[in-house]
Amino acid sequence: MPPHVVEGAPSILEVPPQDVRTNLAALRDGLDSGDGIPAKRLDENLVIGTWNLRAFGGMTEKWQSGPDDTPKRNLADVRAIADIVARFDVVAIQESRGDLKALRHMLKVLGPEWGLILTDTNPPPQGNDERLAFVFDTRRVKPSGLAAELVIPDEWLAKGNIAAGALQQQFVRTPYAVSFSSAGQTFILVTLHVIYGKDAKDREAELGGIAQWLSHWAGQVEDYNQNLMCLGDFNIDREDDPNYQAFTSTGLVPPEKLRNLSRTITDKPGKEHYYDQIAWFTDNGRAKLTLNYTGQAGRFRWTDYILEDLAEGEKSWHISDHYPLWTEFSVREL
């Protein structure tokens with residue numbers, strides 16, 4: 001028996017209990033609503049997303065976790081995560097762990113048409129045993145060849161070359177870039193999970209470093225009519241803080257529709273955090289992309305539809321403490 005299979009445990013592919021089916025139906029209704037994620041339309045659109053899935057590693061192979069079960073994430077939770085991920089053509093996932101159990105179960109639910117590209121783990125303590133991953137629908141998106149970890153050139157380190165504070169070391173969790181193609185167009189997605197640190201100032205150098213790195217790279221890929229986008233958990237507290245300024249210092253701009261949207265389930269009105277971002281470079285307000293951004297982007301508040309009877313902290317260990325963000329592009333020939 002494979003080591004990730006528990007003898008006698010229910011299968012994630014079997015018909016769930018009635019209460020789980022009811023909850024999943026409510027979630028799908030939410031996904032289909034005006035507050036959900038756009039439906040994928042053949043030869044018309046491309047839906048790209050990012051989601052920090054808290055400690056996405058182990059799981060309990062039960063439909064309902066008991067008070068003594070660890071981790072709390074269970075089969076019903078992974079089915080819900082899979083239903084959300086299925087709405088994307090490609091989604092960047094942060095906080096996948098060395099233990100791939102929950103990720104593998106999610107892929108079982110998604111089916112054989114779904115692909116996975118992920119990094120090795122970043123060592124603890126600062127790397128937190130985390131991986132960066134891309135999950136994608138191979139019926140609509142294909143890898144186009146490039147997969148690379150972003151490493152800061154030695155001459156940039158501690159040389160004062162980075163506007164928002166000089167980096168003195170490599171990224172704690174190395175950003176990961178993968179190129180994809182869809183409907184004849186190529187795009188490069190760079191995902192990262194910026195160091196959290198003891199306070200917000202600890203993040204500024206990494207954010208400035210990634211902005212400079214991407215600006216340098218964007219000038220190269222533009223010559224090949226490729227698209228470059230950055231997405232992930234940037235640990236930005238506020239839109240006007242020094243970390244946001246470091247992130248946008250070289251021209252990276254998030255879509256307007258993502259402004260003023262809280263990213264985490266514990267945010268209170270007036271005290272929102274803007275940790276997660278999707279951004280690309282612009283020129284005089286116009287996106288430097290050959291992909292046609294439809295002007296539509298958002299976040300999906302899954303907490304409005306499932307686990308409503310749990311406290312926020314408990315919800316975060318079942319699903320996540322973050323909401324997924326999405327952006328939509330048109331691939332229709334003009």
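Refer to the structure above for everything that follows.
Conventions adopted
- Residues numbered from 1 in each chain as written.
- Predicted model: local features only at pLDDT ≥ 70, side-chain atom pairs only at ≥ 80, totals over all residues.
- Heavy atoms only, no water.
- Pairing = 2+ DSSP bridges.
- Helix = DSSP H or I, 4+ residues; strand = E, 2+ residues; numbered from the N terminus.
- Axes fitted to C-alpha atoms, helices over the stretch in contact; angles between N-to-C directions.
- Contact = heavy atoms within 4.5 Å.
- Parallel < 35°, antiparallel > 145°, perpendicular 65-115°, else oblique.
- Left-handed = near helix turned anticlockwise from the far one by under 90°.
- Nonpolar A, V, L, I, M, F, W, Y, C, P; charged D, E, K, R; others polar.
- Buried < 20%, exposed > 50% of the residue type's maximum accessible area, 1.4 Å probe, protein only.

Participant: So, the sheet that holds strand E2 (residues 90-97): which residues are in play, and what are the values?
Facilitator: Paired through backbone hydrogen bonds, the strands of a sheet run either parallel or antiparallel to each other. With mixed pairing, six strands are arranged side by side in an open sheet as E3-E4-E2-E1-E13-E12. In this open sheet, the two strands that pair with only one neighbour each are strand E3 (114-118) and strand E12 (292-299). Sheet twist, expressed as the mean angle between neighbouring strand axes with direction ignored, is 20°. Sheet topology note: the strand E1 (residues 45-56)/E2 ladder contains six bridges and is parallel. Following the sheet pairing, threonine 50 is matched in E2 by alanine 92. Sheet strands in contact with helix H2 (residues 75-85) are E1, E2, E3 and strand E4 (130-137), and its direction is about 155° off that of E1.

Participant: Quick one: what's the story with the packing of helix H1 (residues 18-32) against H2, residue by residue and with numbers?
Facilitator: Interaxial distance between H1 and H2 falls to 10 Å at its minimum, and their mutual angle equals 20°. In terms of their interaxial angle, H1 and H2 are classed as roughly parallel. H1 and H2 meet at a crossing whose hand is right-handed. Contacts between H1 and H2 involve Val20, Leu24, Leu27, Arg28 and Leu31 from the first element and Ala76, Arg79, Ala80, Asp83 and Ile84 from the second. For the contact of H1 with H2, a count of residues per class yields seven nonpolar, no polar and three charged.

Participant: For unusual backbone geometry, give the residues involved together with the corresponding values.
Facilitator: Note that the residue after threonine 70, namely proline 71, is joined by a cis bond; omega there is 0°. Among the secondary structure elements, proline 71 is positioned in the loop between E1 and H2. One non-glycine residue with positive phi stands out, namely aspartate 43, at about 60°. Relative to the assigned elements, aspartate 43 resides in the loop between H1 and E1. The exposure class assigned to aspartate 43 is exposed, which follows from its relative accessible area of 59%. Unlike most non-glycine residues, glutamate 95 shows phi in positive territory, near 75°. Note on glutamate 95: relative accessible area 11%, which makes it buried.

No statement about biological role is implied by the geometric values presented.
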